Amino acid sequence: MLNKLSLKIGLLFFIVVITVEIILFSILYTNLVNDRVDDVMGDLLARGNTHRDVLEENYTPSTLEHVAIMESESDFIVAITDQEGVVVTSSNPMAPEMISVIRHTDNDQVPDEGVVLESDWAEKNFVATDSPIIMDGVHSGHVFMFANSNHIEKIISNLTQQFLIIGVITVILTIITVIVLSKVITQPLVGMKQATEALSRGNHEVELSTSRKDELGELATAITRLSKDLKRLKNERNEFLSNVSHELRTPLTYLKGYTDIINRDTTSEEDRTRYTQIIQEETEHLAGLIKTLFELAKIDQNEFAIKKEKVEFDALIQKIVERIYPAIEERSIEFSYFCPSNVVITIDSERIQQVLLNILDNAIKYTPRGNHVRLEVVQNKNDVLTVISDTGEGISEEDMPYIFERLYRAEKSRSRSKGGSGLGLTIAKEIVELHNGKMEVESEPGEGTVFNISLPKEDAYEKSIVD
Ligand SMILES: Nc1ncnc2c1ncn2[C@@H]1O[C@H](COP(=O)(O)OP(=O)(O)OP(=O)(O)O)[C@@H](O)[C@H]1O
Ligand SMILES: [Mg+2]
């Protein structure tokens, strides 16, 4: 079955090809017809000239008769006139049309090599030529040759017939070519249309042939890639949702457990206060988790607000250090930092604080007591590099590719015991990228981890999304 597209392409091809063919065939036909008519007229004149030559050599009644007898057996008619234009002899009886041709000939104007008098085979019954007889320099008569127009019509109709047959064959071949061509062109497109329909119905197992090396092949490759991406996204979404529900369920189970204990009559006042505090901490953790999830959802929908302003970076670092100090003290970490005093940078100060706090929090959390954490700011020409390094447990090679993924925690139980939910680095990286910055990490298990956060001083592109 021809589909709509192949029908359209086919029809267009057909009309164009047939128009070109008709134009070319018409030119060829007209030229051939003219050639054939010219041939016939040339032959007729040559025949007349031959008779004339014979007569010029030997102008006798018997020669005249001989010429007339010869032509009476041929398809042609000869009429020979004298000096005055009176017909001396002719091969056949003269039709009125022939006589009028002879009468209307201006005898003196005819050149020696003869002339075609009438070639309009379509309108007239006869075509005619005239060869003058000159003897001893004196104009002595004419040899008129006539041919019935039917003779030419027959030749032309033969030609027309051949053209018709060739024309029909050409049209059939054109139709076949057009059908095959339009199918070849549209078949992959139809396949791709079906594939995209399958994709939109939720079937993400689309596999198209991608062996072609042209634009259609590229399109098929793109659709196949798209289907794979969709499948991956669907899997990621499912995994993420189950991770989220798990993350929410765990603290909720704690909350329920502790509330149950608090409500028991046997629970002492002291325990009640302790459990209420745990409930408060868990609720805060849960609220923080939900807030981060909400922020990530906003980033996904390009609705995350980044409000940039000029910030003195050392003041910002100072603020961050003050905020993490209690945790440093508590875990007896040896902390040092350095930031040049003249660094001015255009950033969303709240968000960048959040980024640096997340990374410092990790450095402190995943570093055993007594180890080192260092923060160092280096000012370059166009960007500011913040390096946060620790001498903690490091990140294993298997975990490395995933640490920026949502809800990913290396050694889950360990990290959970430290209150982590695996969202800190995800949001940190997203925020840095919204600032057109870069975040890189190097780590050696057992040796420590180094995070490099580079932020442009001025955002040349203003890529950020401000609502
Ligand atoms: N400095 C570090 N040293 C060792 N491991 C780290 C370090 N920073 C991150 N990680 C590993 O990367 C994982 C992901 O870090 P991320 O900050 O995203 O999550 P989290 O700290 O577990 O939870 P959250 O930050 O959401 O409270 C962590 O679980 C931890 O295993
Ligand atoms: Mg963290």
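Everything below is about the structure printed above this text.
Residues numbered from 1 in each chain as written. Chains lettered and ligands numbered in written order. Predicted model: local features only at pLDDT ≥ 70, side-chain atom pairs only at ≥ 80, totals over all residues. Heavy atoms only, no water.

**Thoughts on the site of ligand 1**
Around ligand 1, a shell composed of 21 residues is seen, among which Asn-362, Tyr-366, Ser-421, Gly-422 and Leu-425 lie nearest. Interatomic distance of 2.8 Å between a backbone N/O atom of Gly-422 and an oxygen atom of ligand 1. Here ligand 1 has 590 Å² of accessible area as a free molecule, and 95% of this is covered by the chains. For the shell around ligand 1, the secondary-structure elements that each account for two or more residues are α8 (349-365), α9 (412-417), α10 (424-434) and β12 (448-456). With 3 residues, α8 is the largest single contributor of residues to the shell around ligand 1. Residue composition of the shell around ligand 1, by class: 9 nonpolar, 8 polar and 4 charged. (Near = heavy atom within 4 Å. Polar contact = N/O pair within 3.5 Å; in protein donor to acceptor, adjacent residues only side chain to side chain. Areas by Shrake-Rupley, 256 points an atom, 1.4 Å probe, with all protein chains shown as cover. Helix = DSSP H or I, 4+ residues; strand = E, 2+ residues; numbered from the N terminus. Nonpolar A, V, L, I, M, F, W, Y, C, P; charged D, E, K, R; others polar.)

**Some details on the sheet that holds strand β9 (residues 372-379)**
Here we have 5 strands laid out as an open sheet, ordered β7-β9-β10-β12-β11, and mixed in their pairing. In this open sheet, the two edge strands, each paired with only one partner strand, are β7 (334-338) and β11 (438-444). On average, each strand axis in the sheet is tilted by 10 degrees relative to the strand beside it, whichever way the strands run. By the bridge criterion, 7 bridges tie β11 to β12 in an arrangement that is antiparallel. Residue pairing for β12: Glu-440 is matched across the bridge by Asn-452. Here α8 sits on the sheet and contacts β7, β9, β10 (383-390), β11 and β12; the angle it forms with β10, its principal contact strand, is near 20 degrees. (Pairing = 2+ DSSP bridges. Axes fitted to C-alpha atoms, helices over the stretch in contact; angles between N-to-C directions. Contact = heavy atoms within 4.5 Å.)

**Re the packing of aromatic side chains**
Any pair of aromatic rings gets described here by the distance separating the centres and the angle formed by the planes. By the definition in use, this model includes 6 aromatic pairs. Ring centres 6.4 Å apart and planes at 20 degrees place the aromatic pair Tyr-254 and Tyr-258 in the stacked group. You can see Tyr-254 and its partner Tyr-258 sitting in helix α5 (residues 215-263), 4 residues apart, about one turn around the helix. Note on Tyr-258: relative accessible area 21%, which makes it partly exposed. Ring pairs connect the aromatic residues Phe-25, Tyr-29 and Phe-163, which therefore count as one cluster. The ring of Phe-240 has Arg-406 sitting right over it, with the charged end atom 5.8 Å from the ring centre. (Phe/Tyr/Trp six-rings, centres within 6.5 Å; stacked < 30°, edge-to-face > 60°. Buried < 20%, exposed > 50% of the residue type's maximum accessible area, 1.4 Å probe, protein only. Lys NZ or Arg CZ within 6 Å of the ring centre and 35° of its normal.)

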